[in-house]
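# What the coordinates show
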Amino acid sequence: DVQLVESGGGLVQSGGSLRLSCVASGFAISEHGMSWVRRPPGKDLEYVATINTDGRTHYRESVEGRFTISRDNTKNTLYLQMNSLKSEDTAVYYCGAYVDSGYWGQGTQVTVS
């Protein structure tokens, strides 16, 4: 079964950093595109970043230069390094996989004070 488990969220001060992890099982992330999305409080789901199977990356404009999406195929894990965090980055962050109709994790809360 396909499963995605996010971790690494927490409470940080403005300007701080966090690294989110997404451990995948049931498929190899090296064979599929992977993404991060987020849901700020009271708002709709927002796209954050994508990494394709060829290594190409794409970012939401508001996070480009501050966030870095990457993968470790050996560990079958996706990462999102977040630097220079702002209060507007506060959201529940979800890991997504382009498998079948799409799969999503349970989410991890990031709060920037």
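Everything below is about the structure shown above.
Described in the following lines is the structure provided in the data block. (Residues numbered from 1 in each chain as written. Predicted model: local features only at pLDDT ≥ 70, side-chain atom pairs only at ≥ 80, totals over all residues. Heavy atoms only, no water.)

## Topic: the state of the cysteines
Counted under the stated rule, the structure contains one disulfide. Disulfide pairing places Cys-22 opposite Cys-95 at an S-S distance of 2.1 Å. Here the S-S torsion is close to -75 degrees, and the disulfide linking Cys-22 with Cys-95 is therefore left-handed. In this pair, Cys-22 sits in strand β3 (residues 18-25) while Cys-95 sits in strand β9 (residues 91-97), placing the two residues 73 residues apart along the sequence. Both residues of the pair, Cys-22 and Cys-95, belong to the buried class. (Disulfide = S-S within 2.5 Å. Helix = DSSP H or I, 4+ residues; strand = E, 2+ residues; numbered from the N terminus. Buried < 20%, exposed > 50% of the residue type's maximum accessible area, 1.4 Å probe, protein only.)

## Some points on the pairing of β3
Both strand β1 (residues 3-7) and β3 contribute to a ladder of five bridges, which runs antiparallel. From the neighbouring strand, Ser-7 faces β3, where its bridge partner is Ser-21. As judged from the six bridges shared by β3 and strand β8 (residues 77-82), these two strands associate in the antiparallel manner. Each residue of the ladder has a partner; that of Leu-18, found in β8, is Met-82. (Pairing = 2+ DSSP bridges.)

## Regarding the environment of Val-12
Considering the arrangement of structural elements, one finds Val-12 in strand β2 (residues 10-12). When its relative accessible area of 13% is taken as the criterion, Val-12 is described as buried. Counting along the chain gives 101 residues from Val-12 to Ser-113, while the straight-line C-alpha distance between them is 6.3 Å. Leave out the neighbours within four places in its chain, and Val-12 touches Ser-17, Leu-18, Leu-85, Thr-111, Val-112 and Ser-113. (Contact = heavy atoms within 4.5 Å.)

## Observations concerning the environment of Gly-16
Within the fold, Gly-16 resides in the loop between β2 and β3. Gly-16 has contacts with Met-82, Asn-83, Ser-84 and Leu-85, leaving out every residue within four places of it along the chain.

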